[in-house]
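Next come the chains, spelled out residue by residue.
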Amino acid sequence: GPAGAAQPAARPVRAGIGPAAFRTGDGPEERLIGQVAFALAAEAGTAPQTPEAMQALRDQATANLSDFAFRYLHNRTEEIRREAVEEAVARTGRPPRFALLVLANLAALAIAAAAGLALAANPHLLAGLLGPGFLGQ
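Please read these numbers as outputs of a predicted model, since none were measured by experiment.

Trainee: It is not clear to me how the overall build of the chain should be interpreted in this structure. Could you clarify?
Mentor: Looking only at helices and strands, the chain has four helices and zero strands in total. Out of the 137 residues belonging to the chain, those deemed buried represent 12%. For the chain, long-range pairs separated by at least 24 residues make up 48% of all intrachain contacts whose partners lie at least 6 apart in sequence. Carbon and sulfur atoms make up 64% of the accessible area of the chain, which totals about 10700 Å².

Set out below in structure tokens:
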């Protein structure tokens, strides 16, 4: 071209090299790794010149995808756990008030005291409950 004309931007890949060149297999995982490796090459602005450089991009893509999958799984697990806790709290309902708990305990103590007085006033009731040999009969 003429001197001083703008040069086209460098292409990230050589002619004929696309995401398929970064794949090592035909499965969906290999396709995704190839696409991410291609994107890494495009982001860097250069095409890998050797098979080792291409493999290094595939390895980096695999590591990036693994890190993302781990973070996604961890965050999703936290969301599910938080939702489960919120549902459990919603089902539990409101706890009893303190005054109601105190009254229930006082009622239980009154019943226990009444039963103790009844047994103390009537030893034959206790003997009937514990068996005939209890009072030496």
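Trainee: Please clarify how the side chain of Arg 58 should be interpreted in this entry.
Mentor: Secondary-structure assignment places Arg 58 in helix H2 (residues 51–92). Notably, Arg 58 is buried but unbridged: the nearest opposite-charge side chain belongs to Glu 30, and the N-O separation is 5.9 Å. Not counting residues within four places of it along the chain, the set of residues in contact with Arg 58 comprises Ala 21, Phe 22, Arg 23, Thr 24, Ile 33 and Ala 37.

Trainee: Can you help me understand the nonpolar core in this one?
Mentor: What tends to happen in soluble globular proteins is that the nonpolar side chains get buried as a cluster. In this structure, Phe 22, Ile 33, Ala 37, Leu 40, Ala 41, Met 54, Leu 57 and Ala 61 together form the largest nonpolar core, which totals eight residues. Residue contributions to this core peak at four residues, all from helix H1 (residues 28–44). Leaving out residues up to four positions away in the same chain, Met 54 has contacts with Ala 21, Phe 22 and Pro 48.

Trainee: Is there a simple way to explain the packing of aromatic side chains in this structure?
Mentor: Geometrically, a pair of aromatic rings is defined through the distance of the ring centres and the angle of the planes. This model, assessed by the stated rule, comprises one aromatic pair. Taking 6.1 Å as the distance between ring centres and 25 degrees as the angle between the ring planes, the aromatic pair formed by Phe 68 and Tyr 72 counts as stacked. You can see Phe 68 and its partner Tyr 72 sitting in helix H2, four residues apart, about one turn around the helix.

Trainee: What's the story with the packing of H1 against H2 in this structure? I'm lost.
Mentor: A pair of packed helices is captured by two measures, namely the crossing angle of their axes and the spacing between those axes. At a minimum axis separation of 8 Å, H1 and H2 run at an interaxial angle of 110 degrees. Accordingly, the angle class assigned to the pair H1 and H2 is roughly perpendicular. Remark: the crossing between H1 and H2 carries right-handed chirality. Together, Leu 32, Ile 33, Val 36, Ala 37, Leu 40 and Ala 41 of H1 and Leu 57, Arg 58, Gln 60, Ala 61, Thr 62, Asn 64 and Leu 65 of H2 make up the contact between the two elements. The residue inventory of the contact of H1 with H2, partitioned by class, reads nine nonpolar, three polar and one charged.

Trainee: Honestly, the packing of helix H3 (residues 98–121) against helix H4 (residues 123–130) in this entry has me stumped. Any pointers?
Mentor: Two numbers describe how H3 lies on H4: the axes approach to 4 Å, and their chain directions differ by 100 degrees. Compared by their axis directions, H3 and H4 come out roughly perpendicular. Contacts between H3 and H4 involve Ala 118, Leu 119, Ala 120 and Ala 121 from the first element and Pro 123, Leu 125, Leu 126 and Leu 129 from the second. When its residues are assigned to classes, the contact of H3 with H4 shows eight nonpolar, no polar and no charged.

Trainee: What am I meant to see in the pattern of salt bridges here?
Mentor: Close approach of charged atoms lets side chains of opposite charge pair. Evaluation of the coordinates by the stated rule reveals two salt bridges. Here Glu 78 and Arg 81 are joined by a salt bridge, their closest N and O atoms 3.4 Å apart. Highlighted residues: Glu 78 and Arg 81, both in helix H2, separated by three residues, approximately one helical turn.

Trainee: Is there a simple way to explain H2 in this structure?
Mentor: With 42 residues, H2 should cover 62 Å at 1.5 Å per step; its first-to-last C-alpha distance of 61 Å lies within 8% of that length. Taken together, the buried positions of H2 are Met 54, Leu 57, Arg 58 and Ala 61. The elements touched by buried residues of H2 are H1. Just beyond H2, the residue with positive phi is Gly 93, at close to 85 degrees.

What counts as what
- Residues numbered from 1 in each chain as written.
- Predicted model: local features only at pLDDT ≥ 70, side-chain atom pairs only at ≥ 80, totals over all residues.
- Heavy atoms only, no water.
- Helix = DSSP H or I, 4+ residues; strand = E, 2+ residues; numbered from the N terminus.
- Buried < 20%, exposed > 50% of the residue type's maximum accessible area, 1.4 Å probe, protein only.
- Contact = heavy atoms within 4.5 Å.
- Areas by Shrake-Rupley, 256 points an atom, 1.4 Å probe, with all protein chains shown as cover.
- Lys, Arg positive; Asp, Glu negative; His and termini not counted.
- Salt bridge = Lys/Arg side-chain N within 4 Å of Asp/Glu carboxyl O.
- Core = buried A, V, L, I, M, F, W, Y, C linked by side-chain atoms within 4.5 Å.
- Phe/Tyr/Trp six-rings, centres within 6.5 Å; stacked < 30°, edge-to-face > 60°.
- Axes fitted to C-alpha atoms, helices over the stretch in contact; angles between N-to-C directions.
- Parallel < 35°, antiparallel > 145°, perpendicular 65-115°, else oblique.
- Left-handed = near helix turned anticlockwise from the far one by under 90°.
- Nonpolar A, V, L, I, M, F, W, Y, C, P; charged D, E, K, R; others polar.
- Expected span 1.5 Å × (residues − 1).

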